[in-house]
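Each chain, letter by letter, is given below.
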Amino acid sequence: FAAGLFNLEEDGFIYSRLANPTVCAFEEGLNSLEGGVGCLATSSGQAAFTHLIAALCSSGDNLVVSRKVYGGTLTLLQNVFSRYGVDTILIDSDHPCQVEQSINDRTRGIITEVIGNPMMNVAPLEALSRIARRQGVPLIIDNTFATPVLCRPIEWGAHVVVYSTTKYISGNGNLIGGAIVDGGTFP
């Protein structure tokens, strides 16, 4: 049995860092709540963004980002990913025309939050979704504050939903975690 697992011939759990039943249950539950096609749990919300941006971007690419997103996300983008040649174009996502005007052929995503942290602004998801579809870039939504209890961004046109599960998903902030939910609607 073990040889089949290690040779990737059979599904199962062999090493907890790769996958384990508890994490898989969490991923399946959050994915179901969000209405996605797949979920990946990470060690933190910033790890979720790091994983996603590393998968989407190469040197010379850019992301169009709401200046009202969580400060840690801005720091990650501007101070870490900039060193790898990924530019951050800051816009006011409350004004979708700014978003569309900022997109170019090197744009690899639009990033905003359902409810901005700390501004508490509510993103115009439908308008941003139309822009993302028109421009052929993924709409990436941080749903940490709202959770799928209050908003399911995929239903509003988001392609990817990111969480810091440290906050409202865990309910009390005594653990650190993150997640990425794929809506299955972007190639």
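Structure shown above.
Nothing here was measured: the structure is a model prediction, and the numbers come from that model.

## Description of the side chain of glutamate 34
Then step 1. Along the chain, glutamate 34 turns up in helix H2 (residues 21–34).
Then step 2. This buried residue, glutamate 34, is left without a salt bridge; arginine 152 holds the nearest opposite charge, at 5.6 Å.
Then step 3. Separated by 3.5 Å, the side chains of glutamate 34 and asparagine 143 make a polar contact.
Then step 4. Not counting residues up to four positions away in its chain, the partners in contact with glutamate 34 are Asn143, Pro148, Cys151, Arg152, Pro153, Ile154, Val161, Tyr163 and Val181.

## Regarding the layout of surface pockets
Rolled over the atoms, a probe as big as a water molecule pinpoints where empty space is left.
Then step 1. Considered as a void within the structure, the largest pocket measures approximately 220 Å³ in volume.
Then step 2. Every residue lining the largest pocket is listed: Gly38, Cys39, Leu40, Leu52, Leu56, Pro138, Val160, Ile180, Val181, Asp182, Phe186 and Pro187.
Then step 3. Its residues assigned to classes, the lining of the largest pocket comprises 10 nonpolar, 1 polar and 1 charged.
Then step 4. One number sums up the size of the second largest pocket: a volume of about 190 Å³.
Then step 5. Around the second largest pocket, the lining comprises 18 residues; the ones closest to its centre are Gly45, Gln46, Tyr70, Ser164 and Lys167.
Then step 6. When residues of the lining of the second largest pocket are traced back to their parent elements, those giving at least two are helix H3 (45–56) and strand E6 (160–164).
Then step 7. Residue composition of the lining of the second largest pocket, grouped by class: 7 nonpolar, 8 polar and 3 charged.

About the thresholds
Residues numbered from 1 in each chain as written. Predicted model: local features only at pLDDT ≥ 70, side-chain atom pairs only at ≥ 80, totals over all residues. Heavy atoms only, no water. Helix = DSSP H or I, 4+ residues; strand = E, 2+ residues; numbered from the N terminus. Buried < 20%, exposed > 50% of the residue type's maximum accessible area, 1.4 Å probe, protein only. Lys, Arg positive; Asp, Glu negative; His and termini not counted. Salt bridge = Lys/Arg side-chain N within 4 Å of Asp/Glu carboxyl O. Polar contact = N/O pair within 3.5 Å; in protein donor to acceptor, adjacent residues only side chain to side chain. Contact = heavy atoms within 4.5 Å. 1 Å grid on protein atoms, 1.4 Å probe; cavity = no way out; pocket = protein on both sides within 12 Å on 5 of 7 lines; lining within 4 Å. Points joined across faces, edges and corners; volume = space filled by probe spheres on them. Nonpolar A, V, L, I, M, F, W, Y, C, P; charged D, E, K, R; others polar.

Honestly, that's just the spatial picture; any functional story needs more than this.
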